[in-house]
Amino acid sequence: MRSAVTRRLAGGLALVLAVMTLVFIILQAAPGDPASVILGPGATAESVAKLDAQLGLDRSVLAQYADYVGGVVTGDLGDSYYGSQSVTGLIGDRLPATAWLLAAGLLISVPLSCAIALLSAHRRGTLLDRGLRAVTVVALAIPSFWLGLLLVLTIALPTEALPVGGFGDTAPEHFKSIILPGVTLAASLVPVQVRVLRAGLVQALKSEYVAAARSRGVGSVRVLVDHALPNASLPLLTIVAVQLSYALFAGVVIEQTFQLPGIGSALIEAVGERDYPVVTGITLALAVVIVLISTVSELLQMALDPRMRLA
Amino acid sequence: MVVAGLASTVVAIGCGGSSPATTGQPPERGGRLVVGDTADMQSFVPWNTVDLPSSYIASQVFDTLFVPGRNGNGVRPALATAYTLSDGGKTARITLRRGVRFHNGASLTSRDVVFSLKAFKKSPALGTFFAAIRRIEAEGPDAVVLTLSEPQSDLQALLAQRPASILPADYGGMTAKQFERKPIGTGPFRVVSRRAGVEVRLARNDRYWRKGRPVLNALTFKVFGNVNAMSTAMRAGTLDVIDRLPLSAAASFSAAKVTYARPSPQVVALAVNGRRGPLADVRVRQAISHGIDRKALVDGLLDGRGVVADGLVQPAGRPAGTTRDAAPYRYDPALAKRLLAQAVPSGHVSLSYVFDSSNATASALAQALQASLRKVGVDVRLKGLDSAAAVGAIVSGKFDLGQLQPTVDYPAVTVMRGFIALGGYGGGWKADQAQQAQDAYSAAGDAAGQAKAVDAFERYVGSTMPMIALYYPDQAYVSSRRVADVLVDSVTGYDASQIGVAR
């Protein structure tokens, strides 16, 4: 088990390094430079050159890369070109909103998916099952921004019970602010979770251990919940890990719809401003988070499924 | 481009329409105002950047020696109380207001002014505007002397620009980076906190030198990811003011909440790359100008909220007494076709058009121009880039036509200075005539002389078409019903220090 963890972490480190290098190269190749953005179209070539020198962008790409890697190794991700805020400070400032969003999305989606999938599997082949599957297909096609706006227009604005946007300053305000974004995110997660879990449950219900349980007189609901669900949940764990990683980036649409000051929005803003230290810093942080999510997911699977440990 | 400007027309928001309306009662002291914008400020150090949010927020935290007047033709004293010229206009002596204190309690002295103006002069952003200043020296604690290489009639106006804000000497004992995090000024509000991309919170400066100001206890600037989210927040009552909302979005608010300020401080214009291809021929440039139906653009894209351009200097930046010749900007497709046929035997040209595709209005304008110019034989290949890439392409000359929206240039000479310094905004133009006009403007002793210089500049632009002006869009301001009796300047926006809100 320990060697497996070491292997996963070593692979993750290599992946993070590769992402960091790739992002650095892509930014260098992208049209538009920070000095031109900061100074605007009214800047002279001399002004741009002067600011490039101030920002250290007149050095060779290799020198800039070496400087950046050196900073990362010592825990210094540099400062934003705008406002001199440290990149680590900015990440620390913007990560909580994203973490709340992901947590809310999972807390809403996983129980809901389990309930729908259990019901669907329990009544498989019936009209209810077909209806639930059709609903998940439709839900999969709903764009997050559209659903978000719909929730704002139909719930937040008329009732004033929930904020139309923002994140608030206190934990209770965060909680109120995250409900609608959480529902929006959950709506995009539930369809896939339901389909994966239902398929797992249906498969499990055909297995010999379920037949054995039934032969012992175990009731159909207990068979479903106590015997089929634990085994069918393993693929769900993998899917949730993938969805979490995806939502780190895809959640930006929801962040922008609900004005959540999250990490995805910060990344989009930084790309638009060609704020290289922030773009590379956030990408690096997200790569680390994704590697961690993936590693934790695999470790959980190993813990839950002895066959994984043997593999 | 320069982002600070001089007032020209003052209108009121919170009461609808475009005419001033006040209750006559002084606003109630206290309260908090929340202002929305879709762009975040870039820096608190005023000479570092030229973006509008930084300029507006900085104007609440810092003061300048002079401030733009409300009539478009002058400046008013702020931290300076007197301005005298000697040595044939080559020496300017500025007397400072006494009793002004920074947010940390330190008194304003000439040392602070010398530090700030020297920093402005050295800044990459706008330092070239101070090129004529040879020396900046303190004369005792309450006066500063500027020695110029030549007379500069617009010096006071340049000192009223936001990047010429006065900061404490040596950043008040901090490094520039530390100052960026804890800025100190003499302005009506002090900085409480800033969260990049989220919000800036300001609180009343109780030591402010203007009696009775500010009215508010707190002022918050919130950044929104898009116009829709900002508009929704306004409808939900979590926002009080939206500063310069895109005209397409403003139309969705009730008239009572929106004020359209005019004359415009903006001109939407096409940068023209005269270094290559058919655009090197003046007839092609004139054909393009005559092939654009500007009125249709204003009606279609701005819902009529704008004015058809008749020159490059926007209305809010023009000195009184300027005359205009609209002929070079007249829509005449037949003439456009004739000019193109004279310049190019085939009567057709193909040109690239660079624009900011993240801006909905810019994208709509690009498509409208493409359709309009196709009718006269100009095939426009649209090249939509993100904002940074579009600016980069234009600055580096990788374009045939490019869309620009110079904002809030005051006075007119800054348009000319910008045009000359940038070779026609990326177009590679050698603007000797523009230089002469600028020199005449700087040397002019009165508004009439300045107007003549601007006329000469516009004649050069109209006959040569190194840039093609399209229209001057109105500025839309949206306010909640809590905000009452706020005077909005069409160039500098509203003065937050005098705003009061219902509590």
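Conventions and cut-offs
- Residues numbered from 1 in each chain as written.
- Chains lettered and ligands numbered in written order.
- Predicted model: local features only at pLDDT ≥ 70, side-chain atom pairs only at ≥ 80, totals over all residues.
- Heavy atoms only, no water.
- Pairing = 2+ DSSP bridges.
- Helix = DSSP H or I, 4+ residues; strand = E, 2+ residues; numbered from the N terminus.
- Axes fitted to C-alpha atoms, helices over the stretch in contact; angles between N-to-C directions.
- Contact = heavy atoms within 4.5 Å.
- Salt bridge = Lys/Arg side-chain N within 4 Å of Asp/Glu carboxyl O.
- Polar contact = N/O pair within 3.5 Å; in protein donor to acceptor, adjacent residues only side chain to side chain.
- Nonpolar A, V, L, I, M, F, W, Y, C, P; charged D, E, K, R; others polar.
- Buried < 20%, exposed > 50% of the residue type's maximum accessible area, 1.4 Å probe, protein only.
- Patch = residues over 30% accessible without salt bridge, like charges linked within 9 Å, V, L, I, M, F, W, Y side chains within 5 Å.
- Areas by Shrake-Rupley, 256 points an atom, 1.4 Å probe, with all protein chains shown as cover.
- Phe/Tyr/Trp six-rings, centres within 6.5 Å; stacked < 30°, edge-to-face > 60°.
- Left-handed = near helix turned anticlockwise from the far one by under 90°.

1. Here's the deal with the sheet that holds strand β5 (residues 80–86) of chain B
Residues and elements named next belong to chain B.
- Spatially, β5-β6-β8-β7 is the arrangement adopted by the 4 strands of the open sheet, whose pairing is antiparallel. A single partner strand is all that each edge strand has here, and the edge strands are β5 and β7 (133–138). Between one strand axis and the next, the sheet turns by 15 degrees as a mean value, whatever way the strands run.
- Sheet topology places β5 next to strand β6 (residues 91–96); 6 bridges connect them, and they run antiparallel. Bridge pairing in β6 links Tyr83 to Ile94.
- Of the strands in this sheet, β6, β7 and β8 (143–148) are in contact with helix α2 (residues 110–122), which crosses β7 at around 160 degrees.

2. Regarding the interface of chain A and chain B
- Across the boundary between the two partners, chain A contributes 36 residues, which contact 38 residues of chain B.
- Inspection of the region where chain A meets chain B yields 5 salt bridges.
- Linking chain A with chain B are 9 residue pairs in polar contact (both at pLDDT 80 or more).
- Those elements giving two or more residues to the side of chain A that touches chain B turn out to be α2 (34–39), α3 (45–55), α5 (87–122), α7 (144–159), α11 (252–257) and α12 (263–273) of chain A.
- The class makeup of the residues in the side of chain A that touches chain B is 14 nonpolar, 15 polar and 7 charged.

3. Quick word on the environment of B:Phe120
Residues and elements named next belong to chain B.
- Turning to its location among the elements, Phe120 is positioned in helix α2.
- Residue classification places Phe120 among the buried positions, given a relative accessible area of 2%.
- It is 6.1 Å that separates the C-alpha atoms of Phe120 and Ala164, two residues lying 44 residues apart in sequence.
- When neighbours within four sequence positions are excluded, Phe120 is seen to be in contact with Trp47, Leu126, Gly127, Phe130, Leu158, Pro163 and Ala164.

4. Looking at a nonpolar patch on the surface
Residues and elements named next belong to chain A.
- A contiguous nonpolar surface patch, about 690 Å² in accessible area, is contributed by Val138, Ile142, Phe145, Trp146, Leu149, Leu150, Leu153 and Val253.
- Among the elements that make up the nonpolar patch, the one with the highest residue count is α7 (5 residues).
- Mapped onto the elements of the fold, Trp146 is located in helix α7.
- The exposure class assigned to Trp146 is partly exposed, which follows from its relative accessible area of 44%.

5. Some points on the packing of aromatic side chains
Residue and element names in this part refer to chain B.
- In total, this model carries 14 aromatic pairs over all chains according to the counting rule given.
- With a centroid separation of 6.2 Å and 75 degrees between ring planes, the pair formed by Trp47 and Phe115 is classed as edge-to-face. Within this pair, whereas Trp47 is found in the loop between β2 (32–37) and α1 (52–61), its partner Phe115 is found in helix α2, the two being separated by 68 residues in sequence. For the pair formed by Trp47 and Phe115, the shared burial category is buried.
- Ring centres of Phe62 and Phe179 lie 6.2 Å apart, and the angle between their planes is 25 degrees; this geometry places the pair in the stacked category. Of this pair, Phe62 sits in the loop between α1 and β3 (66–68) while Phe179 is found in helix α5 (residues 176–181), placing the two residues 117 residues apart along the sequence.
- In this structure an aromatic cluster arises from ring pairing among Trp47, Phe62, Phe115, Tyr171 and Phe179.

6. Let's talk about the sheet that holds strand β20 (residues 475–479) of chain B
Residue and element names in this part refer to chain B.
- The mixed open sheet is built from 7 strands, whose spatial order is β9-β10-β11-β2-β12-β20-β13. Because the sheet does not close on itself, it has two edges, and the strands there are β9 (189–195) and β13 (258–261). Taken over all neighbouring pairs, the strand axes of this sheet differ in orientation by 20 degrees on average, direction set aside.
- Sheet topology places β2 next to strand β12 (residues 241–245); 2 bridges connect them, and they run parallel. Among the inter-strand pairings, Val35 is bridged to a residue of β12, identified as Val241.
- With respect to the sheet, helix α6 (residues 227–236) is in contact with β2, β12 and β20, its orientation differing from that of β12 by roughly 145 degrees.

7. Here we look at the packing of helix α1 (residues 2–29) of chain A against helix α4 (residues 61–73) of chain A
Residue and element names in this part refer to chain A.
- Contact geometry for α1 and α4: axes closest at 11 Å, N-to-C directions at 140 degrees. Crossing of α1 against α4: the hand is right-handed. Counting all contacts with α1, which are made through Met20, Thr21, Phe24 and Gln28, the residues of α4 involved are Val61, Gln64, Tyr65, Tyr68, Val69 and Val72.
- By residue class, the composition of the contact of α1 with α4 is 7 nonpolar, 3 polar and no charged.

8. Overview of the environment of B:Asp142
Residue and element names in this part refer to chain B.
- The topology assignment puts Asp142 in the loop between β7 and β8.
- A relative accessible area of 21% means that Asp142 is categorised as partly exposed.
- With 139 residues separating them in the primary sequence, Asp142 and Asp281 have C-alpha atoms 56 Å apart.
- The residues touching Asp142, leaving out its near neighbours within four places in the chain, are Ile94, Thr95, Leu96, Arg98 and Ser110.
- Only 3.0 Å separates the side chain of Asp142 from the side chain of Arg98, close enough to count as a polar contact.

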